[in-house]
Each structure stands twice: as C-alpha cells, then as structure tokens.
Amino acid sequence: MEKGKGVMGFGRRWAVEFTDASAAPSSRDVPDPPGFTRASQDQDDSSVSRQKKDAEANWKSQKAWEVAQAPFKNLMMMGFMMWMAGSTVHLFSIGITFSALWQPISALQGVGKVFEPYKDSKVDLLAPKLLFIALNLGGLALGVWKLNTLGLLPTHASDWVSSLPPAQEVEYSGGGIPLH
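Residues numbered from 1 in each chain as written. Predicted model: local features only at pLDDT ≥ 70, side-chain atom pairs only at ≥ 80, totals over all residues. Heavy atoms only, no water.

Asker: Break down the overall build of the protein chain for me, citing the residues and quoting the values.
Answerer: Across its full length, the protein chain carries five helices and zero strands. Out of the 180 residues belonging to the protein chain, those deemed buried represent 18%. Within the protein chain, contacts between residues separated by at least 24 positions form 68% of all contacts whose residues are at least 6 apart in sequence. Split by element, the accessible area of the protein chain, about 14,600 Å² in all, is 61% carbon and sulfur. (Helix = DSSP H or I, 4+ residues; strand = E, 2+ residues; numbered from the N terminus. Buried < 20%, exposed > 50% of the residue type's maximum accessible area, 1.4 Å probe, protein only. Contact = heavy atoms within 4.5 Å. Areas by Shrake-Rupley, 256 points an atom, 1.4 Å probe, with all protein chains shown as cover.)

Asker: Give me the pattern of salt bridges: which residues, what numbers.
Answerer: As enumerated under the stated definition, the model contains three salt bridges in all. Here aspartate 54 ties to lysine 122 by a salt bridge, and the two come within 2.9 Å at their closest N and O atoms. Taken together, the residues span a long stretch of sequence, with aspartate 54 in helix α2 (residues 45–85) and lysine 122 in the loop between α4 (111–115) and α5 (126–150) at a distance of 68 residues. A salt bridge links lysine 60 to glutamate 56; the nearest nitrogen and oxygen atoms lie 3.6 Å apart. Here glutamate 56 and lysine 60 lie together in helix α2, a separation of four residues that amounts to about one turn. Among the residues examined, lysine 60 registers a relative accessible area of 13% and is labelled buried. (Salt bridge = Lys/Arg side-chain N within 4 Å of Asp/Glu carboxyl O.)

Asker: Tell me about a nonpolar patch on the surface, and name the residues and values.
Answerer: A cluster of nonpolar residues, Phe80, Trp83 and Met84, forms a patch on the protein surface that exposes about 410 Å² of accessible area. In this fold, methionine 84 is placed in helix α2. (Patch = residues over 30% accessible without salt bridge, like charges linked within 9 Å, V, L, I, M, F, W, Y side chains within 5 Å.)

Asker: Break down the environment of glutamate 56 for me, citing the residues and quoting the values.
Answerer: In this structure glutamate 56 comes out as partly exposed when scored by relative accessible area, which is 41%. For the pair glutamate 56 and tyrosine 118, spaced 62 residues apart in sequence, the C-alpha separation works out to 9.8 Å.

Asker: How would you sum up the packing of aromatic side chains? Please name residues and give values.
Answerer: Counted by the stated rule, this structure contains two aromatic pairs. Between the aromatic rings of phenylalanine 80 and tryptophan 83, the centroid separation amounts to 5.9 Å while the plane-to-plane angle is 40°, which identifies the pairing as tilted. Taken together, the positions of phenylalanine 80 and tryptophan 83, both in helix α2 and three residues apart, correspond to about one turn of that helix. With centroids separated by 5.5 Å and ring planes inclined at 90°, the aromatic side chains of phenylalanine 115 and phenylalanine 132 adopt a geometry described as edge-to-face. Here phenylalanine 132 lies in helix α5 and phenylalanine 115 lies in helix α4, a separation of 17 residues in the sequence. (Phe/Tyr/Trp six-rings, centres within 6.5 Å; stacked < 30°, edge-to-face > 60°.)

Asker: An account of the UniProt feature "transmembrane region" (unreviewed entry) in the protein chain is needed here, citing residue identities and associated values.
Answerer: UniProt's entry tags residues 80–105 and 125–145 with the feature "transmembrane region" (unreviewed entry), counted in the numbering of this structure. Helix and strand shares over residues 125–145 are 95% and 0% respectively, and the end C-alpha atoms of the span are 30 Å apart. (UniProt positions renumbered as here; feature names shortened; annotations may be inferred.)

Asker: Give me empty space enclosed by the protein: which residues, what numbers.
Answerer: Per the stated rule, a full pass over the model turns up one cavity of 30 Å³ or more. Of the voids in this model, the largest cavity is the one considered here, and its volume is about 80 Å³. Residue lining of the largest cavity: Pro71, Asn74, Leu75, Met78, Ala100, Gln103, Pro104, Leu135, Asn136 and Gly139, and that is the complete set. Broken down by secondary-structure element, the contributors of at least two residues to the lining of the largest cavity are α2, α3 (91–109) and α5. Residue contributions to the lining of the largest cavity peak at four residues, all from α2. Here the residues of the lining of the largest cavity are counted per class, giving six nonpolar, four polar and no charged. (1 Å grid on protein atoms, 1.4 Å probe; cavity = no way out; pocket = protein on both sides within 12 Å on 5 of 7 lines; lining within 4 Å. Points joined across faces, edges and corners; volume = space filled by probe spheres on them. Nonpolar A, V, L, I, M, F, W, Y, C, P; charged D, E, K, R; others polar.)

Asker: Residues and numbers for α5, please.
Answerer: Its 25 residues give α5 an end-to-end C-alpha distance of 36 Å, which sits within 8% of 36 Å, the value for a rise of 1.5 Å per residue. Three or more residues of α5 are buried, namely Pro128, Phe132, Leu135, Asn136, Gly139, Gly143, Lys146, Leu147 and Leu150. A positive backbone phi angle near 80° is found at glycine 151, which sits one or two residues after α5. (Expected span 1.5 Å × (residues − 1).)

Quick look at the structure:
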C-alpha cells in the first residue's frame, strides 16, 4: 500500500508529511523577536524543579496551618451550642457535653493521620501539630467545664459522702425519766 493512500486506493484529503525537509529553514535560522532571549527559554531544569518543589513545600505548609487552626472553628461552635443547651441536666445538654468531650479526644488520637498528607522534608510540622493539640485540649477543657457547670463532676465533699466512713460518736446519752 502506498503512503498516504487509503484502503480503497483514494488519497487522503488532508495529510501532513512529517519527513525531514532539509531545504526548509530550521527554527535556529529564524532571528529572535525583539525582547526575547533564548537563554530564558533554555533555563536549567534543576532550578525549575527546585522552584516547583519550593512552591509545593509552601503550599503544604500553608495547608498544614489551615488544618491546625480548624479546631478553633469547632471550639467556637461547640461553645455556642453548650451555651444554648443551658445549665440544667437534661438529655440535650448531656449529649452536647459528651460530643464536646468526644470530638477532641478522637482528634487527638488521629494527629498523625491528619498531618500525613503534608509531610515533606522542607515542611516543619511541629508548630502546626502543637497548635492543633492545644486547640483540641482547649475543646476538651470546655467540655470538662460544662460537665462541672452541670454538676456532673465530683468536686465537692458531699459528692464523696458515700465513700467516707461513718463519723465516730463522741457522746452517748441514755436513760432518763420519761415525762408524761
């Protein structure tokens, strides 16, 4: 079969020849336009890849800080919900309080998984992790404070009366004459 001919023997209507035409001028023979230099086009690939890696490291660092600050929004929302629940013990206030305790605990258990996508040799994750942990500990403290305001924490001596031994009797009284 001849090049450029179809199965039926008809030539293609549109065809591009990719053969090397030595007579055609190369791109090096054409002068550069004013203001353009080839040196800018032929930059060192290592500097381009280094810039790309630096940009990626900056992006990862920025995203790590955003993830670290996310518990602050949750802290504000949970505080508002606890305020709306009131200070009386009922199902809704207990549910909100235990949710306020459970969320920071589960977030603290998964700190490594949360920051794993942002691991890089150029990105320092210590400060974002510490902020993340501090904000979650603040959320945990908010939940414990709400437990205290509901009276569910044993913080008074009267909460421990059942575990105290009976008081020693100091006086005895007995006998006497009944008065009628």
